[in-house]
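Chain by chain, the residues:
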Amino acid sequence: MIHSLFLINCSGDIFLEKHWKSVVSQSVCDYFFEAQEKAADVENVPPVISTPHHYLISIYRDKLFFVSVIQTEVPPLFVIEFLHRVADTFQDYFGECSEAAIKDNVVIVYELLEEMLDNGFPLATESNILKELIKPPTILRSVVNSITGSSNVGDTLPTGQLSNIPWRRAGVKYTNNEAYFDVIEEIDAIIDKSGSTVFAEIQGVIDACIKLSGMPDLSLSFMNPRLLDDVSFHPCIRFKRWESERVLSFIPPDGNFRLISYRVSSQNLVAIPVYVKHNISFKENSSCGRFDITIGPKQNMGKTIEGITVTVHMPKVVLNMNLTPTQGSYTFDPVTKVLTWDVGKITPQKLPSLKGLVNLQSGAPKPEENPSLNIQFKIQQLAISGLKVNRLDMYGEKYKPFKGVKYVTKAGKFQVRT
Amino acid sequence: MSSNSFAYNEQSGGGEATELGQEATSTITISPSGAFGLFSSDLKKNEDLKQMLESNKDSAKLDAMKRIVGMIAKGKNASELFPAVVKNVASKNIEIKKLVYVYLVRYAEEQQDLALLSISTFQRALKDPNQLIRASALRVLSSIRVPIIVPIMMLAIKEASADLSPYVRKNAAHAIQKLYSLDPEQKEMLIEVIEKLLKDKSTLVAGSVVMAFEEVCPDRIDLIHKNYRKLCNLLVDVEEWGQVVIIHMLTRYARTQFVSPWKEDDGLEDNEKNFYESDDEQKEKTDKRKKTYAMDPDHRLLIRNTKPLLQSRNAAVVMAVAQLYWHIAPKSETGIISKSLVRLLRSNREVQYIVLQNIATMSIQRKGMFEPYLKSFYVRSTDPTMIKTLKLEILTNLANEANISTLLREFQTYVKSQDKQFAAATIQTIGRCATNISEVTDTCLNGLVCLLSNRDEIVVAESVVVIKKLLQMQPAQHGEIIKHMAKLLDSITVPVARASILWLIGENCERVPKIAPDVLRKMAKSFTSEDDLVKLQILNLGAKLYLTNSKQTKLLTQYILNLGKYDQNYDIRDRTRFIRQLIVPNEKSGALSKYAKKIFLAQKPAPLLESPFKDRDHFQLGTLSHTLNTKATGYLELSNWPEVAPDPSVRNVEVIELAKEWTPVGKAKKENSAKKFYSESEEDEDSSDSSSDSESGSGSESGERGESGEEGDSSEDSSSGQESESGSESGVEDERTAKRNSKPKGKSDSEDGEKENEKSKTSDSSNAESSSIEESSSDSESESDSESETESRRVTKEKGKKTKQDRNPLTKDVSLLDLDDFNPVSTPVALPTPALSPSLIADLEGLNLSTSSSVISVTAPVFVPMKTHVLLHRMSGKGLAANYYFPRQPCIFGDKMVSVQITLNNTTDQKIENIHIGGKKLPIGMQMHVFNPIDSLEPEGSITVSMGIDFCDSTQTASFQLCTKDDCFNVNIQPPVGELLLPVAMSEKDFKKEQGMLTGMNETSTVIITAPQNFTSSVILQKVVNVANVGAVPSGQDNIHRFAAKTVHSGSLMLVTVELKEGSTAQLIINTEKTVIGSVLLRELKPVLSQG
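Residues numbered from 1 in each chain as written. Chains lettered and ligands numbered in written order. Predicted model: local features only at pLDDT ≥ 70, side-chain atom pairs only at ≥ 80, totals over all residues. Heavy atoms only, no water.

**Considering the overall build of chain A**
Right, so step 1: Within chain A one finds seven helices and 23 strands.
Right, so step 2: Long-range contacts, defined as pairs at least 24 residues apart, comprise 68% of the intrachain contacts of chain A with a sequence gap of at least 6.
Right, so step 3: Accessible surface computed for chain A: about 16500 Å², of which carbon and sulfur atoms make up 50%. (Helix = DSSP H or I, 4+ residues; strand = E, 2+ residues; numbered from the N terminus. Contact = heavy atoms within 4.5 Å. Areas by Shrake-Rupley, 256 points an atom, 1.4 Å probe, with all protein chains shown as cover.)

Okay, here's the thing in structure tokens:
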């Protein structure tokens, strides 16, 4: 299936290659570079490229291209999903998935890739198993290793791969047993010019951080499970129980993982927590325009909205912007034409606004359309859909774990057309 | 050297390398520049590495290897170090070894001779007792692409495919593909191995072997038949990557083996209706359909078993299921996939891209599927262009009369987008909507005309092109628009647009008689500077005008034709010549010029604006070929449905063959299929088994069991299958969950199953199989029947009884199981497997039906005394009172356990919290399955919980602590001997036979004296069953009453006979192997029977 993998950075250097079958020359990447050039924008590089002898399937993550070489028919999503899994693993191991981190840990990277794929077919992709096979680097361990000459490779052979619960390693021990769940909901919305909602939807995930000894068996129930319209599960979840009782029952992997992701049924009206008043205009035959936006709270359920950021991709003809924010700070990058306004919190008494003049390239026709505003915000302690965890029970172990649930609502792809 | 190596260590470890002198500097891989030339430093470095590899310090070697791997990773050549590296292949240090493996796999191909040196190390490792070492040796050995070792690899693969460890077998499946690509000559042999591995029941192996199948022999669909159902059933538990491969394979399989579930007239509309129909209507419809078409149950099985996978977190799995539904499910059921596919759109851009492509293809054929999700395809300004265009494509496909107005409003926003490429695509989209939906054609046209005054040229040009196409459909009424466009010619520069306008004018030259010649005049002026595309249209316009209005345009046209004659482009010169010959009359002009007008001014059909995804649907969805819209190497066509389904019995071949096998002549060939059948049923049992285990949460055995199974302890393993029958009913419910737990066991069973089943003969197993696999209850029956005849009949009966008895009471327990069936999967909290008693092992080895005609089974208890025993008095329990009684049900927690029901009462006026069982003090061998902690018990509340205790067939006391949040109370349960039994039913004949075998030491007897009225059979029965949980044996003689039971733990028979003598005496006889229990029971029965 997957023949080879090349990691390429933004400037087009191939800084790592790995082959699982016979060696494929680096020159195959030239086709990729060609496509990249054609696409102009990194985002637009087609994920699947056909070359005379190979097919290249690539992903773009964290300013890196993961380019895999394929020789025969294979479901492209299979490869894409796997490449993302590789990137996730790097992230998990090194804290970031960057060129520097990969270069610094090239041996671990190689060992990981060796374990994750055999002859092009995924072998071990569960982070719990990989961590048993190859220990992630820590500062302490690298110091100890250099003194004692020991290694990153686990000296005991892992059993997880063979166990009936492949996602959990055996013999986990913690002094403090804790189980935390983060219910994170994101509002995807498109708001049109007049402020009415064109499209809104809530996408949520429950991320778990489980540090429990032994083999705990958890079941998590909700006050209002019917809200969840479409759910995808971590493999540890027993599907039948969910089907019959709407209870999430599972033996968790150790550490951080995504338990479920869900979509809240679209029939429910989505509360939009903020509104934006905007007045952006460019005068005909003049080199300036007006820019004025104000943000205010709408349906915020009595919570404070914080971490607000407004990002605007201004039209190409904009040269510079002279604005005054009543709150927070703004930057405008004249090269990428991106305006970023870091607002912070909304205080209802005094609504934050950003006003000022826009300098346009003289002579150029005025922009056809006003730019749309991308808004980020965060509301702590609130799941906008109203989803509530009812209780968490643990079976199979004797101790009392410390349990916690946190709710956050964020803006997802939240766009206001102007 | 030592100081040196230390320095290296620090470098690789800490990363904060300080340069330690000249030598160290030269070894830094990252900075080959500096004082040394690139080349010389490379050479020198390698020298250095060689030295380090030869050192006897592991740390130096390790460091060298790390740097070599670094070189490989960067794509630098490190092949010259081969001899030095290969020496370390036998290193004791695991990390060095691993890195050497990495190196070997990379360079062995180039250095074949030297690579051979390492082979013996791997061959040795292949025999290692540790499965992981065997597996990794096989992995590396098969990755070394050296043709000479093909025979060695073949041998290794064959051996590994029979390995006890499923993990090794998985690696064997991978090795098959590697060997095949190295030497395709081996195909035949490899297919044999694949065939064998396909029979494997381990979920670990399934994905990999199907992958090998797809790569080596995808056309050998016959290999799948017998494994089809197994694969369907295992699917949920296979790891995600394997799922994808299996689903794709099964899709192809289904298309060759089943008839089409799509009705002939199942057109678009019909299907759309279905989608919206209420359930009832749909049912009705399906009912109707059933008359003509009945879906093969296997077909249904596949569709049903893949459905849960739509919920997978892995996009590839979801897509695979979606394409399966698309290609093989009845059209009315395909709707469910759309929700999951739309969910994937939240994922990263690459996933979106592929999913949108597939949705685009689907939405052409079945609009209804995605219509409810219309808004999910709305475009955001931040989407990459490729995503935007795909979304637009889908929106177009979904557009209909109902939603078009909303869509057009949305499109208006897009047209203004700063991304001009996208805006242009939107305009085309509007054009397509206009042609497809006649209601809005005019609206769209007006909108597009407005766009003609747009400032952006690309937008205008695109609009022109689209308008041209639209006008072609209804040219009559649009003279105004044409005039408007003619004016545009002055300003617009985009060639396509200019060409379009010219064509339009030419085509409608009679409708705009004044404008057309003027346009031609202008064009003639600028002819030389126009684009080729425009020039061709000028020529066309000229020709058309010449034919319709030659008075005004004759000269102009000739001028243009002259210009064209000397054009640089041969196309234009060609065209010029052609037109001239055709329209300008001269003596040489042939017959054709008469028809010139007809040729040029023919009525041309309007273009059909079609989706670019139209032609993709002949590729299987979700494939690379579909994405690229060309056939990729190795793409396997999805065949059309067969007209007539091939014989469906190839999949359940077992049924037929088993029936044949029933005739005493056992043929070797048939044994094969029999094997499979049993193993399958066994697996089902396994699952139910573990579910029952898990229900208890104790997970009593499974952890260990996996291992013991791997050792090949056949009897023990299959016995665990038996043990579990109690769970079988619930197993159905929770099959999936359960299977997950039972994985290791299922694997190990394969060998066992084979061994044991070679002897097997069976009768009713065939019905068991023909009924659905899910019915594990019937399966379990067949399993119990399927043992060989070598054993004594005694065991046979016992065995059979057990099965039946277990099943009946369990139906009652279903609710209870449901309640508990989640704690279950705590399996790994392994307690040691209770030692199997010899008699149970014997059970497994032999049971037969042929000799005993009687139906024997474990029966339900004849009578359940409601007598409760005090476990904890409320006074001593500070208000918590506990009573227990024996429900005489087979225990769901393990079938060596006696089930005990404990009723807890809160007599205080406060909540009692966290009631659970604390420390246990059990005699050796005794086991206990505790109930789940009770969070709180309300005042005056009472709750009944069940526990299982394995008393090991003794009357020893089980002591444990019953704890609440604040207190702990020591309590005891001592079982009456009569509760250590389970009733069995057997015929009188069997009873006598068994009794005959249990004489001498195994017999105890006593004489009872009591009043004669106590000797009626009902009284005796009542008295006996009150004391002991035994089953009555029908008796032919009035004066003899027989009762049979077996002990719970060991399953030893316990035969009780009451023989009435003259007068008021009776003889009480007990025959059992367990003489101690026998005599205790005798002692307890005697006073009861003697009483009045």
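Back to the write-up after that little detour.
**Observations concerning the nonpolar core**
Right, so step 1: Residues Phe-66 and Phe-90 of chain A together with Phe-377 of chain B are the most contacted members of the largest nonpolar core, which totals 261 residues.
Right, so step 2: Among the elements that take part in this core, helix H19 (residues 315-328) of chain B stands out by supplying 12 residues, more than any other.
Right, so step 3: Not counting residues up to four positions away in its chain, the partners in contact with Phe-90 of chain A are Leu-7, Phe-66, Gly-95, Glu-96, Cys-97, Ile-102, Val-109, Leu-112 and Leu-113 of chain A.
Right, so step 4: Counting residues in each nonpolar core, the second largest holds 75 residues, with Met-215, Leu-259, Ile-260 and Val-276 of chain A among its members. (Core = buried A, V, L, I, M, F, W, Y, C linked by side-chain atoms within 4.5 Å. Buried < 20%, exposed > 50% of the residue type's maximum accessible area, 1.4 Å probe, protein only.)

**Looking at the interface of chain A and chain B**
Right, so step 1: Contact with chain A, which involves 114 residues of that partner, is made by 115 residues of chain B.
Right, so step 2: Summing both partners gives a buried area of about 9900 Å² for chain A against chain B, and 55% of it is carried by carbon and sulfur.
Right, so step 3: Viewed at the interface, chain B and chain A are joined by 10 salt bridges.
Right, so step 4: A salt bridge links Asp-230 of chain A to Arg-343 of chain B, with the shortest nitrogen-to-oxygen separation between them at 3.3 Å.
Right, so step 5: Connecting chain A to chain B are 35 residue pairs in polar contact (both at pLDDT 80 or more).
Right, so step 6: Per element, the largest residue contribution to the side of chain A that touches chain B is eight residues, and it comes from helix H2 (residues 76-94) of chain A.
Right, so step 7: Partitioned by chemical class, the residues of the side of chain A that touches chain B number 54 nonpolar, 28 polar and 32 charged. (Buried area = accessible area lost by both parts, 1.4 Å probe. Salt bridge = Lys/Arg side-chain N within 4 Å of Asp/Glu carboxyl O. Polar contact = N/O pair within 3.5 Å; in protein donor to acceptor, adjacent residues only side chain to side chain. Nonpolar A, V, L, I, M, F, W, Y, C, P; charged D, E, K, R; others polar.)

**Quick look at the pairing of strand S13 (residues 255-264) of chain A**
All names here are of chain A.
Right, so step 1: Most of S13 is tucked away: seven of the 10 residues are buried.
Right, so step 2: Relative to S13, strand S9 (residues 197-211) runs antiparallel, the two sharing eight bridges. Of the residues in S13, the one forming a bridge with Ala-208 is Phe-257.
Right, so step 3: Inspection of the sheet shows strand S11 (residues 228-233) paired to S13 by five bridges, in the antiparallel sense. From the neighbouring strand, Leu-228 faces S13, where its bridge partner is Val-264. (Pairing = 2+ DSSP bridges.)

**Comments concerning the packing of aromatic side chains**
Right, so step 1: Applying the stated criterion across every chain, the model contains 24 aromatic pairs over all chains.
Right, so step 2: Between Tyr-101 of chain B and Phe-122 of chain B, the aromatic rings sit 5.3 Å apart at their centres with planes inclined by 55°, giving tilted as the arrangement. Taken as a pair, Tyr-101 of chain B in helix H6 (residues 94-107) and Phe-122 of chain B in helix H7 (residues 112-125) lie far apart in primary sequence, 21 residues in all.
Right, so step 3: Classification of Phe-122 of chain B as buried rests on a relative accessible area of 0%.
Right, so step 4: By way of ring pairs, the aromatic residues Phe-32, Phe-33, Tyr-60 and Phe-65 of chain A are connected into one cluster.
Right, so step 5: Geometry around Tyr-407 of chain A places Lys-388 of chain A over its ring, the cationic atom sitting 6.0 Å from the centre.
Right, so step 6: Sitting above the plane of the Trp-503 of chain B ring, Lys-468 of chain B keeps its charged end 5.2 Å from the centroid. (Phe/Tyr/Trp six-rings, centres within 6.5 Å; stacked < 30°, edge-to-face > 60°. Lys NZ or Arg CZ within 6 Å of the ring centre and 35° of its normal.)

**Notes on helix H28 (residues 479-488) of chain B**
Residue and element names in this part refer to chain B.
Right, so step 1: Here H28 has its buried residues at Gly-479, Ile-481, Ile-482, Met-485, Ala-486 and Leu-488. For H28, the arc enclosing every buried residue in end-on projection is 165°, short of the 170-degree limit, so these residues lie on one face. Exposed side chains of H28 directed beyond 90 degrees from the buried face belong to Glu-480 and Lys-487.
Right, so step 2: Of the surrounding secondary structure, the elements contacted by the buried residues of H28 are helix H26 (441-451), helix H27 (457-473), helix H29 (495-507) and helix H30 (515-526). (Arc of directions from axis to C-beta.)

**Here's the deal with the pairing of strand S22 (residues 389-395) of chain A**
Here is the key point about a regular strand: its side chains alternate between the two faces of the sheet.
All names here are of chain A.
Right, so step 1: The buried count for S22 comes to five of seven residues, which makes it a mostly enclosed element.
Right, so step 2: Pairing of strand S10 (residues 217-222) with S22, which is carried by six bridges, proceeds in the antiparallel orientation. Directly across from Ser-219, in S22, lies its bridge partner Asp-393.

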